[in-house]
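So the chains spell out like this:
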Amino acid sequence: MYPQMPLPAQVPADANEEGDGIVIGDGPVTTDSYIDFQCPFCRMFEEASGPMLDGMVADGRITLIYHPMAFLDAMSTNRYSTRASAASGCASDGGKFSEYLYTLFANQPSEGGPGLSDEELIALGLQIGLTDAFAGCVRGGVHLDWPPYVTARAAERGVSTTPTVLVEGVVVRPHPGLIRTAVSAALHSGV
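Per-chain numbering applies: the sequence of each chain, read as written, is numbered from 1 onward. The model is predicted, so local features are restricted to residues of pLDDT at least 70 and side-chain atom pairs to those at 80 or more, both for listing and for counting; the totals for chains, interfaces and linings are taken over all residues. Computation of side-chain values covers all heavy atoms of the structure but excludes hydrogens and water.

A. Spatial organisation of the sheet that holds strand 2 (residues 29-35). Between any two strands, at least two bridges found by DSSP are needed for them to pair. Helix and strand definitions follow DSSP, with helices as H or I runs of at least four residues and strands as E runs of at least two, each counted in order from the N terminus. Strand order in the open sheet made by the five strands is 1-3-2-4-5, with mixed pairing throughout. The open sheet has two free edges, formed respectively by strand 1 (22-24) and strand 5 (170-172), since each of these has just one partner strand. With direction set aside, neighbouring strand axes in the sheet form an average angle of 25 degrees. In terms of strand pairing, strand 4 (residues 164-167) meets strand 5 through three bridges, oriented antiparallel. Counted as the bridge partner of Leu166 is Val171 from strand 5. Where helix 1 (residues 40-58) meets the sheet, it contacts strand 1, strand 2, strand 3 (62-68) and strand 4, and its direction lies at approximately 150 degrees from that of strand 3. Helix axes are fitted only over the stretch in contact, all axes being lines through C-alpha atoms; the angle between N-to-C directions runs from 0 to 180 degrees. Any pair of residues with heavy atoms lying within 4.5 Å of one another is described as a contacting pair.

Structure (structure tokens):
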């Protein structure tokens, strides 16, 4: 069990009230996605479910909250999960969290290796239109204390694997059809 952690001094832009996730959209059904940028199953989940989730955000059906965890730091030699999650916080500060999330998964390093360097994380951000402010945020480690907080909060909620998806607080297998069904049920129940 992770110890109770205080809210980091600085959380990324668009963070939820608890400070442990990035909010996308404002639909009536809250959908939480717990991910780790080192997790190959998370990459497969995003490839399969990401466009559908984006569509439900665009249609105003869901509020999507991504929780980038540092769950798999031990699977790299340089704390890649923490650094990639912190960089995603910097991308959120720059207004490009979703774009950066997809870019990180498209360039995911294999488990057990060194992971991408900070300079490689920065280069990926610059390729999608993030600016020097993003580069400075990553180089300065502005959000490095955020991923451990997100991970601790996830553990408090009982999240022990990635990806984990919650629809209105209920765990749903991370499969597009099952998520779509859970969201529809929540909408029809008057959430």
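B. Expanded view of empty space enclosed by the protein. In this analysis, the protein atoms alone were mapped onto a 1 Å grid. Cavities are point sets where a 1.4 Å probe fits without being able to get out; pockets are open sets with protein on both sides within 12 Å along at least five of seven lines; lining residues have an atom within 4 Å of a point. Grid points are joined across faces, edges and corners, and a volume is the space filled by probe spheres set on the points. Summed over all chains, the structure comprises one cavity of 30 Å³ or more. Taken as a whole, the largest cavity spans an internal volume of roughly 70 Å³. The wall of the largest cavity is formed by Arg83, Ala86, Ala87, Cys90, Asp118, Cys137, Val138, Gly141, Val142, His143 and Leu144. Elements with a contribution of two residues or more to the lining of the largest cavity: helix 2 (80-93) and helix 5 (132-139). Per-element tally for the lining of the largest cavity: the top contributor is helix 2, with four residues. Residues are grouped as follows: Ala, Val, Leu, Ile, Met, Phe, Trp, Tyr, Cys and Pro are nonpolar; Asp, Glu, Lys and Arg are charged; every other residue, Gly included, is polar. Looking at the lining of the largest cavity residue by residue, the classes come out as seven nonpolar, two polar and two charged.

C. View of the packing of aromatic side chains. Whether two aromatic rings pair depends on their centres lying within 6.5 Å, for rings of Phe, Tyr and Trp, where Trp uses its six-membered ring; planes under 30 degrees apart make the pair stacked, over 60 edge-to-face, and the rest tilted. The full count for this structure, using the stated rule, is three aromatic pairs. Arranged with centres 5.3 Å apart and planes meeting at 70 degrees, the rings of Tyr100 and Phe134 form a pair that is edge-to-face. With Tyr100 in helix 3 (residues 97-106) and Phe134 in helix 5, this pair connects stretches of sequence that are 34 residues apart. There is no split in this pair, since Tyr100 and Phe134 are both buried. Relative accessibility decides the category of a residue: with a 1.4 Å probe and only protein chains considered, values under 20% of the type maximum give buried, values over 50% give exposed, and everything between is partly exposed.

D. Looking closely at the pattern of salt bridges. What counts as a salt bridge is simple: a side-chain nitrogen of Lys or Arg found within 4 Å of a carboxyl oxygen of Asp or Glu. For the coordinates displayed, the defined rule picks out seven salt bridges. The shortest N-O distance in the salt bridge between Glu47 and Arg43 comes to 3.6 Å. Linking Glu47 with Arg43, this pair stays in helix 1, spanning four residues, or about one helical turn. One salt-bridge network, held together by shared partners, links Asp20, Arg153 and Glu156.

E. Spatial organisation of helix 7 (residues 176-188). By definition here, a helix of n residues has an expected span of 1.5 Å times n minus one. Taking 1.5 Å of rise per residue, 13 residues should cover 18 Å, and helix 7 covers 18 Å from first to last C-alpha, within 8% of that figure. Among all positions in helix 7, only Pro176, Ile179, Ala182, Val183 and Ala186 are buried. Along the long axis of helix 7, the arc covered by the buried residues comes to 130 degrees, so they all point the same way. Among the exposed residues of helix 7, those pointing more than 90 degrees away from its buried face are Thr181 and His188. In the segment just after helix 7, Gly190 is the residue with positive phi, at about 85 degrees. It is the directions from the helix axis to the C-beta atoms whose arc is reported.

F. Structural view of the environment of Arg83. Of note, Arg83 is situated in helix 2. For Arg83, a relative accessible area of 11% gives the class buried. Separated by 52 residues in the primary sequence, Arg83 and Thr31 place their C-alpha atoms 24 Å from one another. Beyond its immediate chain neighbours, meaning those up to four positions away, Arg83 contacts Asn78, Pro114, Leu116, Ser117, Asp118, Leu121 and Leu144. Definition of a polar contact: a pair of N or O atoms within 3.5 Å, with one able to donate and the other able to accept a hydrogen when the atoms are protein atoms, and with sequence-neighbouring residues admitted only if both atoms are side-chain atoms. Here Asn78 takes part through its backbone oxygen, which lies 2.7 Å from a polar atom of the side chain of Arg83.

G. Focus on unusual backbone geometry. Residue Pro163 is bonded to the preceding Thr162 through a cis peptide linkage, with omega at -5 degrees. Residue placement: Pro163 occurs in the loop between helix 6 (146-156) and strand 4. Of note, the phi angle at Arg79 is positive, near 55 degrees, even though the residue is not glycine. Even without a glycine there, the phi angle at Glu168 is positive, about 55 degrees. On the secondary structure map, Glu168 appears in the loop between strand 4 and strand 5.

That is the geometry; function is a separate question.
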